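Listed below, chain by chain, are the residues.
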Amino acid sequence: MSSQIYRSVFRTLRSAAAASKSSAALFAERRAAAAATATSFRGKVPYLASIFERANSQNGYRGWVSSALVLPAAAYMLQEQEAHAAELERTFIAIKPDGVQRGLVAEIVSRFERKGYKLVAVKLVIPSKDFAEKHYHDLKERPFFSGLCDFLSSGPVLAMVWEGEGVIKYGRKLIGATDPQKSEPGTIRGDLAVVVGRNIIHGSDGPETAKDEINLWFKPEELVSYTSNAEKWVYGVN
């Protein structure tokens, strides 16, 4: 992407030089286009837009060169910001009754926070057996289904929604393998759990599952959208 931007800059500089030498009309036309472009960036990349406008207001070749340098950078930053917004996703994470009863809530939440993910919904509930069956509906043919649902409904569950880039896939990596004894050290299950039946945490395994589980556990109005002060340091978006 960077090499494409540099090539774009150099092509624009060459064309600007030709315009300044051969055609005042063409130069004026390009300055008008530059002004229109700066207007399109206003409110999206304010700082660069203001620089662009100041550069374009200068007379002669120097002003056009300044504008030519700022335009690709502004476009690139806008694309980066839009891509960042598009890549954010949400996942459902639940600390099961064993994790809550063992006092591991703060430890588990802190691992997601230290990674840089953002908590956008949380509540402590004791799900009914029927609700647990809805949550584990994809496992209803398994012999352990009933016991699994009994356990999930046996005590308080901390239900959460976390947001961030790659949070679904990497959230699973933070959690570790289903069997704690096969989980790598450093993962939540690898560090804090011993057996499969008490593996302390659940996480959505894909985008569709995340969507379904979030809708099951939370009402739309319970999900909060906000900008964290840490995001510019996590993602580099200023």
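Residues numbered from 1 in each chain as written. Predicted model: local features only at pLDDT ≥ 70, side-chain atom pairs only at ≥ 80, totals over all residues. Heavy atoms only, no water.

Tell me about the overall build of the protein chain, and please be specific about residues and values.
Broken down by element type, the protein chain carries 12 helices and 4 strands. In the protein chain, which comprises 238 residues, the proportion classed as buried is 39%. Summing over all exposed atoms, the protein chain offers an accessible surface of approximately 13600 Å²; the carbon and sulfur share of this is 55%. (Helix = DSSP H or I, 4+ residues; strand = E, 2+ residues; numbered from the N terminus. Buried < 20%, exposed > 50% of the residue type's maximum accessible area, 1.4 Å probe, protein only. Areas by Shrake-Rupley, 256 points an atom, 1.4 Å probe, with all protein chains shown as cover.)

Can you lay out the nonpolar core for me, pointing to particular residues and giving the numbers?
Among the nonpolar cores identified, the biggest contains 21 residues, and Ile 108, Phe 112, Trp 162, Ile 200 and Ile 201 are the most heavily contacted of them. The set of elements that each furnish at least two residues to this core consists of strand 1 (88–95), helix 6 (105–115), strand 3 (157–165), helix 9 (167–175) and helix 10 (188–192). Core analysis: the second largest hydrophobic core is formed by 16 residues, Ala 94, Val 120, Tyr 136 and Val 157 among them. (Core = buried A, V, L, I, M, F, W, Y, C linked by side-chain atoms within 4.5 Å.)

I'd like to hear about the UniProt feature "active site" (unreviewed entry) in the protein chain, residue by residue, with values.
Mapped onto this numbering, the UniProt entry gives "active site" (unreviewed entry) at His 202. Looking at where His 202 falls in the secondary structure, it is placed in strand 4 (residues 201–203). Given a relative accessible area of 14%, His 202 falls into the buried group. Beyond its immediate stretch of four places on either side in the chain, His 202 contacts Phe 92, Ile 93, Ala 94, Lys 96, His 135, Ile 175, Arg 189 and Glu 213. (UniProt positions renumbered as here; feature names shortened; annotations may be inferred. Contact = heavy atoms within 4.5 Å.)

Which residues make up the sheet that holds strand 3, and what are the values?
Within a beta sheet, neighbouring strands are joined by backbone hydrogen bonds and run either parallel or antiparallel to one another. If you trace the 4 strands from one edge of the open sheet to the other, you get 2-3-1-4, paired in antiparallel fashion. Every other strand in the sheet has two partners, leaving strand 2 (118–125) and strand 4 as the edge strands with one partner each. Averaged over all pairs of adjacent strands, the angle between strand axes in this sheet comes to 20°, irrespective of strand direction. Sheet topology places strand 1 next to strand 3; 8 bridges connect them, and they run antiparallel. Pairing of Glu 89 across the sheet is with Gly 164, part of strand 3. Sitting on the sheet, helix 6 is in contact with strand 1, strand 3 and strand 4, with an inclination near 10° to strand 3. (Pairing = 2+ DSSP bridges. Axes fitted to C-alpha atoms, helices over the stretch in contact; angles between N-to-C directions.)

Go over the pattern of salt bridges with me, naming the residues and quoting the values.
If you walk through the whole model with that rule in mind, you get 7 salt bridges. Across the pair Glu 231 and Lys 118 runs a salt bridge, and its minimum N-O distance is 2.8 Å. A residue pair is termed long-range when its members are at least 10 positions apart, and Glu 231 in helix 12 (residues 231–235) and Lys 118 in strand 2 qualify at 113 residues. Residue classification places Glu 231 among the buried residues on the basis of a relative accessible area of 16%. Lys 118 gets classed as buried once you look at its relative accessible area, which sits at 8%. Taking the shortest distance from any N to any O, the salt bridge between Lys 123 and Glu 222 comes out at 3.2 Å. You can see Lys 123 sitting in strand 2 and its partner Glu 222 sitting in the loop between helix 11 (207–217) and helix 12, a full 99 residues away along the chain. The partly exposed category is assigned to Glu 222, whose relative accessible area is 30%. What emerges from the salt-bridge pattern is a single network uniting Arg 90, Lys 118, Glu 163 and Glu 231. (Salt bridge = Lys/Arg side-chain N within 4 Å of Asp/Glu carboxyl O.)

Could you give an account of the confidence of the model for the protein chain, with specific residues and numbers?
Averaged over the protein chain, the pLDDT score is 79; the fraction of residues at 70 or greater is 63%. Across residues 1–10 the pLDDT falls below 50, and counting only partners more than four positions away or on other chains, this stretch makes 7 contacts in the model. A low-confidence stretch, residues 19–23 stays under pLDDT 50, and its non-local contacts, those more than four residues away or across chains, total 6 contacts. (pLDDT = per-residue confidence, 0-100.)

Any chance you could break down the packing of aromatic side chains for me, citing the residues and the numbers?
In total, this model carries 4 aromatic pairs according to the counting rule given. The interplanar angle of 65° and the centroid separation of 6.5 Å between the aromatic rings of Phe 92 and Phe 218 together place this pair among those described as edge-to-face. Highlighted residues: Phe 92 in strand 1 and Phe 218 in the loop between helix 11 and helix 12, separated in sequence by 126 residues. The burial state of Phe 92 is the same as that of Phe 218; both residues are buried. Between Phe 131 and Trp 217 the ring centres are 4.7 Å apart and the planes differ by 85°, which places this aromatic pair in the edge-to-face class. Taken together, the residues Phe 131 in helix 7 (residues 129–135) and Trp 217 in helix 11 connect sequence positions 86 residues apart. Residue Trp 217 is classed as buried on the basis of its relative accessible area of 4%. Put simply, the rings of Phe 92, Phe 131, Trp 217 and Phe 218 pair up and form one aromatic cluster. Directly above the ring of Tyr 226 sits Lys 118, whose terminal nitrogen or CZ lies 4.8 Å from the centroid. (Phe/Tyr/Trp six-rings, centres within 6.5 Å; stacked < 30°, edge-to-face > 60°. Lys NZ or Arg CZ within 6 Å of the ring centre and 35° of its normal.)

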